[in-house]
Amino acid sequence: QAQLVESGGGLVQPGGSLRLSCAASGIPFNSNDMSWYRQAPGNQRELVAAITRGGSTNYADSVKGRFTISRDNAKNTVYLQMNSLKPEDTAVYYCNAKFITSVYWGQGTQVTVSS
């Protein structure tokens, strides 16, 4: 069955960097549009970055210029490189895959930005 497994979260100081990974299995990865969402306590889940199966990307205004989404179709993996992290980036980050009407979510990975 479909499975998305995130990794790479953790505690980092403001201004630091992290790279999140999402390994997919059980889905036609090359055909899926992939996204990263995040959810902070008390907030709704929000889109952070997305990459289409063709490689087009888009970002939330709050992360433009700091975060980069990429995908490696040979490894069935999508990445989120996060630089210049801010305390307001603290959240659980979720990987998302979409293919026609099928939508899949990972279990999430915690990112905490604090000194």
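The structure this text deals with has already been given above.
Residues numbered from 1 in each chain as written. Predicted model: local features only at pLDDT ≥ 70, side-chain atom pairs only at ≥ 80, totals over all residues. Heavy atoms only, no water.

1. A look at the overall build of the protein chain
In step 1: Within the protein chain, the regular secondary structure consists of zero helices and eleven strands.
In step 2: Order of helices (α) and strands (β) in the protein chain, N terminus to C terminus: β-β-β-β-β-β-β-β-β-β-β.
In step 3: Rg of the C-alpha trace for the protein chain: 13 Å, near the compact-globule value of 13 Å for 115 residues, within the 12% margin.
In step 4: With the C-alpha coordinates aligned to their principal axes, the bounding extent of the protein chain is approximately 40 × 25 × 25 Å.
In step 5: Scored against the burial criterion, the 115 residues of the protein chain give a buried share of 39%.
In step 6: Considering only contacts within the protein chain whose residues lie at least 6 apart along the sequence, 53% involve residues at least 24 apart.
In step 7: Carbon and sulfur atoms make up 46% of the accessible area of the protein chain, which amounts to about 6000 Å² in all.
In step 8: Here the protein chain carries 10 positive and 7 negative side-chain charges, and the mean point of each set is 4 Å from the other. (Helix = DSSP H or I, 4+ residues; strand = E, 2+ residues; numbered from the N terminus. Rg over C-alpha atoms; globule rule 2.2 N^0.38 Å. Buried < 20%, exposed > 50% of the residue type's maximum accessible area, 1.4 Å probe, protein only. Contact = heavy atoms within 4.5 Å. Areas by Shrake-Rupley, 256 points an atom, 1.4 Å probe, with all protein chains shown as cover. Lys, Arg positive; Asp, Glu negative; His and termini not counted. Charge placed at Lys NZ, Arg CZ, Asp CG, Glu CD.)

2. A short note on the side chain of Arg71
In step 1: Considering the arrangement of structural elements, one finds Arg71 in strand S7 (residues 67–72).
In step 2: Buried within the structure, Arg71 lacks any salt-bridge partner; its nearest side chain of opposite charge belongs to Asp33, at an N-O separation of 5.2 Å.
In step 3: Looking at Arg71, its side chain comes within polar contact range of the main-chain oxygen of Thr52, at 3.0 Å.
In step 4: Separated by 2.9 Å, the side chains of Arg71 and Asn73 make a polar contact.
In step 5: Look past the residues within four positions of Arg71 in its chain and what remains in contact with it is Phe29, Asn30, Asn32, Asp33, Met34, Ile51, Thr52, Arg53, Thr77 and Val78. (Salt bridge = Lys/Arg side-chain N within 4 Å of Asp/Glu carboxyl O. Polar contact = N/O pair within 3.5 Å; in protein donor to acceptor, adjacent residues only side chain to side chain.)

3. Looking at the pairing of strand S8 (residues 77–82)
In step 1: Counting buried positions along S8 yields five of six residues, so the element is predominantly enclosed.
In step 2: Bridge count for strand S3 (residues 18–25) against S8 is six bridges, and the pairing is antiparallel. Paired with Ser21 across the bridge in S8 is Tyr79.
In step 3: By the bridge criterion, six bridges tie S7 to S8 in an arrangement that is antiparallel. Residue Ser70 lies in a different strand from S8, and its bridge partner there is Tyr79.
In step 4: Hairpin connection of S7 to S8: four residues between the antiparallel strands, including Asn76 at a positive phi of 50°. (Pairing = 2+ DSSP bridges.)

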